[in-house]
Amino acid sequence: MRQYAVTAMGELLIDFTESGFSPQGNPLFEANPGGAPCNVLSMLTKLGKKTAFIGKVGNDQFGIQLKETLDKVGIDMRGLLTDAEINTTLAFVHTYPDGDRDFSFYRKPGADMMLTEEEIDVDLIRNSDVFHFGTLSMTHEGVRKATIKALETAKEAGCLITFDPNYRPPLWGSEELAKEQMRKGFEYCDVLKISDNEIQFISGKEDYDEGIAWLQETYQIPLILLTMGKEGSRAYYKGMRVEVPGFRVKAIETTGAGDTFCGCSIGYLLDHDIDALTEEQLREMLTFANTGAALVTLKKGAILSMPEKAEVEAMIQK
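Below you will find a few notes about this structure.

Conventions adopted
- The numbers attached to residues start from 1 for each chain and follow its sequence in the written order.
- Residue-level local features of this predicted model are given only where pLDDT is at least 70; pairs of side-chain atoms are given and counted only at 80 or more, and the full residue set underlies all totals for whole chains, interfaces and linings.
- Values reported for side chains reflect all heavy atoms of the structure, with hydrogen atoms and water molecules removed beforehand.
- The helix count covers DSSP runs of H or I at least four residues long, the strand count covers runs of E at least two residues long, and both are numbered beginning at the N terminus.
- Note on exposure labels: buried denotes an accessible area under 20% of the residue type's maximum, exposed denotes more than 50%, and partly exposed covers the range between, all computed with a 1.4 Å probe on protein chains only.
- The contact criterion used throughout is that any non-hydrogen atoms of two residues lie within 4.5 Å.
- Aromatic pairing here means that ring centres of Phe, Tyr or Trp (its six-membered ring) are within 6.5 Å. Orientation follows from the plane angle: under 30 degrees is stacked, over 60 is edge-to-face, and everything else is tilted.
- Whether two strands pair depends on DSSP finding at least two bridges between them.
- Basic side-chain nitrogens of Lys or Arg form a salt bridge, by our definition, when they fall within 4 Å of a carboxyl oxygen of Asp or Glu.
- Residues enter a nonpolar core if they are buried and are Ala, Val, Leu, Ile, Met, Phe, Trp, Tyr or Cys, with the set joined through side-chain atoms within 4.5 Å.
- Lines fitted to the C-alpha atoms define the axes, with helices restricted to the stretch that makes contact. Angles between their N-to-C directions range from 0 to 180 degrees.
- Expected helix span is given by 1.5 Å per residue-to-residue step, counting one fewer step than there are residues.
- Starting at the helix axis, one direction is taken to each C-beta atom, and the arc is that of these directions.

### Describing the side chain of Thr69
And then number 1: Tracing the backbone shows Thr69 in helix 2 (residues 61-73).
And then number 2: You can call Thr69 buried: its relative accessible area is 6%.
And then number 3: Contact partners of Thr69, with chain neighbours within four places excluded, come to Pro33, Ile303 and Leu304.

### A word on the packing of aromatic side chains
And then number 1: Under the definition given, this model contains 11 aromatic pairs.
And then number 2: With a centroid separation of 4.6 Å and an interplanar angle of 10 degrees, the aromatic rings of Phe16 and Phe92 are classed as stacked. Remark: Phe92 occurs in strand 6 (residues 90-95) and Phe16 occurs in strand 2 (residues 13-21); sequence separation between them is 76 residues.
And then number 3: What makes Phe16 buried here is its relative accessible area of 11%.
And then number 4: Classification of Phe92 by relative accessible area gives partly exposed; the value is 24%.
And then number 5: Here Phe92 and Tyr106 contribute two aromatic rings whose centre-to-centre distance is 5.3 Å and whose plane-to-plane angle is 70 degrees, an arrangement assigned as edge-to-face. Note that Phe92 is positioned in strand 6 and Tyr106 in strand 7 (residues 101-106), a separation of 14 residues in sequence.
And then number 6: Under the relative-accessibility criterion, Tyr106 is labelled exposed at 53%.

### Some points on the pairing of strand 2
And then number 1: Two elements, strand 2 and strand 3 (residues 27-34), share seven bridges in a ladder whose sense is antiparallel. Paired with Phe16 across the strands is Ala31, a residue of strand 3.
And then number 2: Across four bridges, strand 2 lies against strand 6 in parallel orientation. Across the sheet, Thr17 pairs through a bridge with Val93, a residue of strand 6.

### Quick notes on the pattern of salt bridges
Pairing is possible between side chains of opposite charge, provided their charged atoms come close.
And then number 1: Per the stated rule, a full pass over the model turns up 17 salt bridges.
And then number 2: For the salt bridge of Asp271 with Lys49, the shortest nitrogen-to-oxygen distance reads 2.6 Å. On the criterion of sequence distance, the pair formed by Asp271 in the loop between helix 8 (257-270) and helix 9 (279-296) and Lys49 in the loop between helix 1 (36-46) and strand 4 (51-58) is long-range, its members being 222 residues apart.
And then number 3: Residue Lys49 is classed as buried on the basis of its relative accessible area, which comes to 17%.
And then number 4: Here Arg241 makes a salt bridge to Glu243, at a shortest N to O gap of 3.4 Å.

### Looking at the nonpolar core
And then number 1: Leu12, Phe53, Leu70, Leu223, Leu225 and Leu282 are the most contacted members of the largest nonpolar core, which totals 53 residues.
And then number 2: In this structure, Leu225 is in contact with Val191, Leu192, Lys193, Ile194, Arg234, Ala235, Phe261, Ser265, Met285 and Leu286, ignoring residues within four places of it in sequence.
And then number 3: Phe103, Val122, Met182 and Met228 belong to the second-largest nonpolar core, a separate cluster that totals 48 residues.

### Here's the deal with the sheet that holds strand 13 (residues 240-244)
And then number 1: The strand order 5-4-1-8-9-10-11-12-13 describes an open sheet built from nine strands, whose pairing is mixed. Two strands bound the open sheet, and with one partner strand each, they are strand 5 (76-83) and strand 13. Averaged over all pairs of adjacent strands, the angle between strand axes in this sheet comes to 15 degrees, irrespective of strand direction.
And then number 2: In this structure, strand 9 (residues 160-163) lies alongside strand 10 (residues 191-195), joined through two bridges in parallel fashion. By the bridge assignment, Phe163 is partnered in strand 10 with Leu192.
And then number 3: Across the sheet, helix 2 is in contact with strand 4 and strand 5; its angle to strand 5 comes to roughly 180 degrees.
And then number 4: Lying over the sheet, helix 9 contacts strand 11 (223-227), strand 12 (233-237) and strand 13, oriented at roughly 35 degrees with respect to strand 13.

### Regarding helix 2
And then number 1: Between its first and last C-alpha atoms helix 2 spans 18 Å; for 13 residues at 1.5 Å apiece the expected length is 18 Å, and the two agree.
And then number 2: Within helix 2 the residues assigned to the buried category are Phe62, Gly63, Leu66, Thr69, Leu70 and Val73. Here the buried residues of helix 2 occupy an arc of 120 degrees about the axis, which is enough to place them on one side. Looking at helix 2, the residues exposed on the side facing more than 90 degrees away from the buried face are Gln61, Glu68, Asp71 and Lys72.
And then number 3: Where helix 2 is buried, its residues contact strand 2, strand 3, helix 1, strand 4, strand 5 and strand 6.
And then number 4: Once helix 2 finishes, Gly74 follows within two positions and takes phi at roughly 105 degrees, a positive value.

### Structural notes on unusual backbone geometry
As a rule of thumb, non-glycine residues mostly have phi less than zero, and peptide bonds are mostly trans rather than cis.
And then number 1: Geometrically, the link from Lys108 to Pro109 is a cis peptide bond, its omega value of -5 degrees lying close to zero.
And then number 2: Considering the arrangement of structural elements, one finds Pro109 in the loop between strand 7 and helix 3 (122-126).
And then number 3: Phi at Asn166 is positive, roughly 50 degrees, even though this residue is not glycine.
And then number 4: With respect to the helices and strands, Asn166 occurs in the loop between strand 9 and helix 5 (175-188).

Laid out in structure tokens, this is it:
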């Protein structure tokens, strides 16, 4: 085992989630620490894994809040830098009655985009069993180069590379650029977590199985995990297709559900041999991850809302 179980790279930001109305009738927002890579790391720390983060925040009150949050959660921050001039990225989350949401980003630019390839802590990656990333660190040229450097380092070091595209249309100059960078991620990853709408977007196929088959044939990704919201999830591995239904809960907000699923899955893979997974193990992994994802939707925000391992196990027993 190396010093860290998982190092993740990407965006660390504030999710402003709706929180009722003021006495004057104005909408109120709660400043929740977020960003997909750190959401994943937060779940992993709940599972007892040692984690680290590579990214950048602004020298502002939100940057300070995010650093305090990571310290509180227990995520190693030696790879987290501060930009003296560019503010921390902000996202405003609008939640619909069914718990689904829309995002409005304040990121033109945001501090997370300012990370350069020279600033990547390569030793941190080399000392990690798993390297995790998404595409928000691939939207612009500078941070894109940093991401590729991190991926090359992880590949050379023999890290297990996990990838969640986490496609957010407002942050891309064009759909074609988004697809191009998603395809770049597929070339590097050993484990892909992808959502139902993302597989349709990237493959152009309505049928999920057809889309996954295209991915497997084109990129030879050993393990693909497909999330389908409240419908559950599937694992595609060595010719097997395992599906587990989702847990039906009255969701307050779905932000972080996919990241919780991802963290739970990576945590399971750290404890098992990824080269010899059985159908029973895949079903066990999906059940645990589906349950964790359901539990996080009962709270607002993500980083500070991850369920304890005992909570997930108790809900499975129930």
